[in-house]
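An overview of the molecular structure
Each chain, letter by letter, is given below.
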Amino acid sequence: MRKIFLTFLVFILAASNVASAEILRVSEMDVQKFVHSIANTIYTDEFQNKVPLLMSNAAKIENIEMPEIGSTAWACQYGLKTSAQPDGEIIFFTDNEEKVSAVKIVGYSEKSAENAGIFLFIVMKAVGLTQTDAEFLVNNLKDDEVLASSMVWSKEKNCCFLLMAGARPQSAEGFQFMLMASDKQN
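Residues numbered from 1 in each chain as written. Predicted model: local features only at pLDDT ≥ 70, side-chain atom pairs only at ≥ 80, totals over all residues. Heavy atoms only, no water.

**A look at the overall build of the protein**
Cut-off, in case you're wondering: Secondary structure elements are taken from DSSP: a helix is a run of H or I of four residues or more, a strand is a run of E of two residues or more, and numbering for both begins at the N terminus. Exposure categories follow from relative accessible area, calculated using a 1.4 Å probe and restricted to protein chains: below 20% of the type maximum is buried, above 50% is exposed, and the middle band is partly exposed. Any pair of residues with heavy atoms lying within 4.5 Å of one another is described as a contacting pair.
Along the protein, the regular secondary structure elements total five helices and ten strands. The burial tally for the protein puts 49% of its 186 residues in the buried class. The contacts in the protein between residues at least 6 apart in sequence include a share of 51% that link residues at least 24 apart.

Here you go:
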């Protein structure tokens, strides 16, 4: 229980650190176009031959987790075609214009880490991060006891991207990634 509380607290503190600067959208695309851009990547024949991933249709939900960035979110599940159960879910937090404010990728178990990582890189490409910036975010996750985080300034997007990784607060197993953007330069 203590670990769950600490994970949730650290996520909130990290988000509020970004919030001290202006929180920006991670994408100027509306959520439907953003989700379709991800689907267009994973459903190509070339991609499916390498990694046969599926994602469900995104459903609109109430954003009770981070209402400061918008009142709604869209969620879908993902996994391999051969899996009996989903590997995890992707939550697209949206602002009042239905633009994507932040993205959270949840892995239900440690076994789903590879597929979650694939979706993380697809999401980072969809938001417009260069391969170098995306790799920097992942490779420079500074770990503490509960939460790992890294930041990179994107010259191309003229904003700072924050990647956080940690345990799922509602479960004894699994993990989550959160990608946010701000105007903070340090």
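**Thoughts on the packing of aromatic side chains**
Quick note on the threshold: Centres within 6.5 Å are what make two rings of Phe, Tyr or Trp a pair, Trp counting through its six-membered ring; a difference in plane orientation under 30 degrees is then read as stacked, over 60 as edge-to-face, and the rest as tilted.
This model, assessed by the stated rule, comprises three aromatic pairs. Geometrically, the ring pair formed by Tyr-78 and Phe-119 is tilted, given 4.9 Å between the ring centres and 50° between the ring planes. Highlighted residues: Tyr-78 in strand β4 (residues 72–80) and Phe-119 in helix α4 (residues 113–126), separated in sequence by 41 residues. Its relative accessible area of 2% is what places Tyr-78 among the buried residues.

**Some points on the side chain of Thr-94**
This is how it is decided: Here a polar contact is taken to be a pair of N or O atoms separated by no more than 3.5 Å, where protein atoms must pair a possible hydrogen donor with a possible acceptor and residues adjacent in sequence count only if both atoms sit in side chains.
Position of Thr-94 relative to the elements: it lies in strand β5 (residues 88–94). A polar atom in the side chain of Thr-94 sits 2.7 Å from the side chain of Thr-72. Beyond its immediate sequence surroundings of up to four residues, Thr-94 is in contact with Val-31, Ile-69, Gly-70, Ser-71, Thr-72, Ala-73, Trp-74, Lys-99 and Ser-101.

**Comments concerning the nonpolar core**
Nonpolar side chains in soluble globular proteins tend to be buried together. Let me state the cut-off plainly: Take the buried residues of types Ala, Val, Leu, Ile, Met, Phe, Trp, Tyr and Cys, join any two whose side-chain atoms come within 4.5 Å, and each joined set is a nonpolar core.
One finds Phe-92, Val-103, Ile-105, Phe-119 and Phe-161 to be the most contacted residues of the largest nonpolar core, which totals 39 residues. Here this core takes seven residues from α4, the largest share from any one element. Here Val-103 is in contact with Val-26, Phe-34, Ile-90, Ile-91, Phe-92, Phe-93, Val-123, Phe-177, Met-178 and Leu-179, once residues within four sequence places are set aside. Counting residues in each nonpolar core, the second largest holds twelve residues, with Ala-73, Phe-93, Ala-102 and Met-180 among its members.

**What about the pairing of strand β6 (residues 100–107)?**
We apply this condition: When DSSP finds at least two bridges between two strands, those strands are taken to pair.
In terms of burial, β6 is largely enclosed, as eight of its eight residues are buried. Where β5 lies against β6, seven bridges are found, and the strand directions are antiparallel. Within β6, the residue paired with Ile-91 across the bridge is Lys-104. With antiparallel pairing between neighbouring strands as the criterion, β5 and β6 make up a hairpin whose turn holds five residues, including Glu-98 at a positive phi of roughly 65°. Bridging between β6 and strand β10 (residues 175–182) involves five bridges; their strand directions are antiparallel. Across the sheet, residue Val-103 finds its bridge partner in β10, namely Leu-179.

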